[in-house]
Amino acid sequence: MEALTDMKVLLCERIHPAAEAAFHQAGLRVERRDGALEGASPSELAGTAILGIRSKTEIDAATIERLPDLLAIGCFCIGTNQVDLRAAMRRAVTVFNAPFSNTRSVAELTLAEVVALNRRLVDKSMLMHGGRWDKSSAGAHEVRGRTLGIIGYGHIGSQVSVLAEAFGMRVVYFDIVQRLPLGNAQPRSSLSDVLREADCVSLHVPATPATHNLIGAAEIATMKPGAMIINNARGSVVDLHAAAAALQTGHLGGIAADVFPEEPALNDAPFACPLAGLPNVILTPHVGGSTEEAQRNIAVEVSEKLARFVRTGTTTSAVNVPEVDLPSPLADQLRILHFHRNVPGVLSRINGIMADLGVNINAEYLRSNAEVSYVILDVDPVPADVVETRLSAIPETIRVRTIHEQGEGTRRVDGQHAGTGMSKGPQKLHLGACGP
Ligand code: NAD
């Protein structure tokens, strides 16, 4: 792969080293900062085109204004709450994250808990730590042949399904969307069907108004006596007071919870929960997805998305701008990437400028959302700076960026000799094109 430019990537918050390696491989220049972005000096910020953050860096509109060269933000984590996505979109700053890099980690924890609850492992371990030996098989079960009910058969739920079948479990599931069953798992047409049938119910739904207290007293009452609940999804999904009451009466046989309605923001902060101290309860501090493998996966996934965005303009899986999946730019072609406010008439003005310049358009892509549009043109050789100057003059333009083979110093428009087209300005950035 040809080297890209000297484009600067600033990685904050000790992002996994796999990200740096991926950026170096793509020819980008990486600088690191151990802490969050807050407090970074002007020289640290200067020239930052790609910003990598985790959850401690807050990016608001003012921060984005302080980074005039910023093209994209990589959230090297699952969520993007820490970024003002709309402010970023309005400045054509594309935001990526890695929503599914820890899927397997959550699925593995879930299976570990299915076994641990069925063997009452935590209670036995606690007794041993307290100096008591209690060798007994009472209340301990194999999971083989038992029925696991999965609510939400998405990325995690379907992985749990595969792992559970490998343990010899029967799997039934319910999802509001029709999902293809994996292995021998069987879909059910309602939540209540799954609740009635399952020996253990595992929740893998998002936090939405519809999933708020999805499992409350009424739902628990329909479950089999001794059934178990695992919630590694979101704290709002299970009514913990109802669950605690059902554990105390013995109607529920055990609970594992990794997520809670209120979670402390800092380590070592006090934590209270109605399940604390009850028998056969596993409590974990929202670590379902926290493994070294997941951190590495996140680093690779986000840096690859960013590198592809830089190289081709592809915004697939971006969380705040229209998604466009683009092939690598062709040699001897200029790729023009134009973000503009989504109002009528801009596309025809862009095309008008191309016609005016006598530029042959070989490919054109357009995607819009309610506020911004992203147009990509692959055109025959033309001086990048001329194109940028003309397109920047359209009042709705937010950003023009061009990608072409580095070293192509001279381009022609209508037979006129033009400059290198390698000038830089806050709204413009030329990159060396990079083939696969
Ligand atoms: P996903 O989007 O791939 O799957 C969610 C599934 O739930 C989808 O198939 C959706 O159709 C289904 N669904 C939505 N509402 C439903 C409802 N009312 N009833 C039944 N099904 C419904 O998400 P995912 O990556 O599998 O994540 C699942 C959950 O796990 C999310 O809440 C996520 O935040 C959480 N999560 C937790 C951790 C952790 O550390 N504990 C880590 C990652 C994800």
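Numbering of residues starts from 1 in each chain and follows the order in which that chain's sequence is written. Two thresholds apply to this predicted model, a pLDDT of at least 70 for residue-level local features and 80 or more for giving and counting side-chain atom pairs, whereas whole-chain, interface and lining totals are computed over all residues. Working from all heavy atoms in the structure, the side-chain values ignore hydrogens and water.

Looking at this model, I keep getting lost on helix H10 (residues 240-249). Mind explaining?
Residues spaced three or four apart along an α-helix point in a common direction, a consequence of the helix completing one turn every 3.6 residues. Classification of residues uses two cut-offs on accessible area relative to the type maximum, computed with a 1.4 Å probe and protein chains only: under 20% is buried, over 50% is exposed, and between them is partly exposed. Segments assigned H or I by DSSP are reported as helices when at least four residues long, segments assigned E as strands when at least two residues long, and all are numbered from the N terminus. Within H10, burial applies to Leu240, Ala242, Ala243, Ala244, Ala246 and Leu247. Residues are treated as being in contact if the distance between any of their heavy atoms lies within 4.5 Å. Taken together, the buried residues of H10 touch helix H9 (217-221), strand S11 (252-257) and strand S12 (281-283). In the analysis that follows, any N or O atom pair within 3.5 Å is treated as a polar contact, provided that within protein one partner can donate a hydrogen and the other can accept it, and provided that, for residues neighboring in sequence, both atoms belong to side chains. With a side-chain oxygen positioned 3.0 Å from the backbone nitrogen of His241, the residue opening H10 is Asp239. Gly250 lies just past H10 and shows a positive phi near 90°.

Looking at this model, I keep getting lost on the site of the ligand. Mind explaining?
Throughout this document, a residue counts as near a molecule or strand when at least one of its heavy atoms sits within 4 Å of that molecule or strand. Among the 25 residues in the neighbourhood of the ligand, the closest are listed as His155, Ile156, Asp175, Val205 and Asp258. At 2.6 Å from an oxygen atom of the ligand is found a side-chain nitrogen or oxygen belonging to His155. Accessible surface area values rest on a Shrake-Rupley calculation with a 1.4 Å probe, where residue burial reflects the displayed protein chains alone. For the ligand, whose free accessible area comes to 860 Å², the fraction covered by protein is 87%. Three residue categories are used. Nonpolar comprises Ala, Val, Leu, Ile, Met, Phe, Trp, Tyr, Cys and Pro, charged comprises Asp, Glu, Lys and Arg, and polar comprises the others, including Gly. Of the residues that constitute the shell around the ligand, the class distribution is 11 nonpolar, 10 polar and four charged.

For this particular structure, what's the right way to read the pattern of salt bridges?
It is possible for side chains of opposite charge to pair when their charged atoms get near one another. Salt bridge, as used here: a side-chain nitrogen of Lys or Arg that lies within 4 Å of a carboxyl oxygen of Asp or Glu. Tallying each qualifying case throughout the model produces 21 salt bridges. One salt bridge in this structure joins Arg120 and Asp123, with 3.8 Å as the shortest N-O distance. Using a relative accessible area of 24% as the deciding quantity, one classes Arg120 as partly exposed. In this structure, the salt-bridge partner of Asp325 is Arg308, at a minimum N-O distance of 2.5 Å. Taken together, the residues Asp325 in the loop between helix H11 (292-312) and strand S13 (334-341) and Arg308 in helix H11 connect sequence positions 17 residues apart. According to the relative accessible area criterion, Arg308 is partly exposed, its value standing at 30%.

Whenever I open this one, the environment of Ser101 confuses me. Can you help?
Here Ser101 is to be found in the loop between strand S5 (94-96) and helix H5 (103-118). When residues no more than four places from it in sequence are discounted, the contact partners of Ser101 are Ala294, Asn297, Ile298 and Glu301. A polar side-chain atom of Ser101 sits 2.6 Å from a polar atom in the side chain of Glu301.

Spatial relationships are all this shows, so hold off on functional conclusions.
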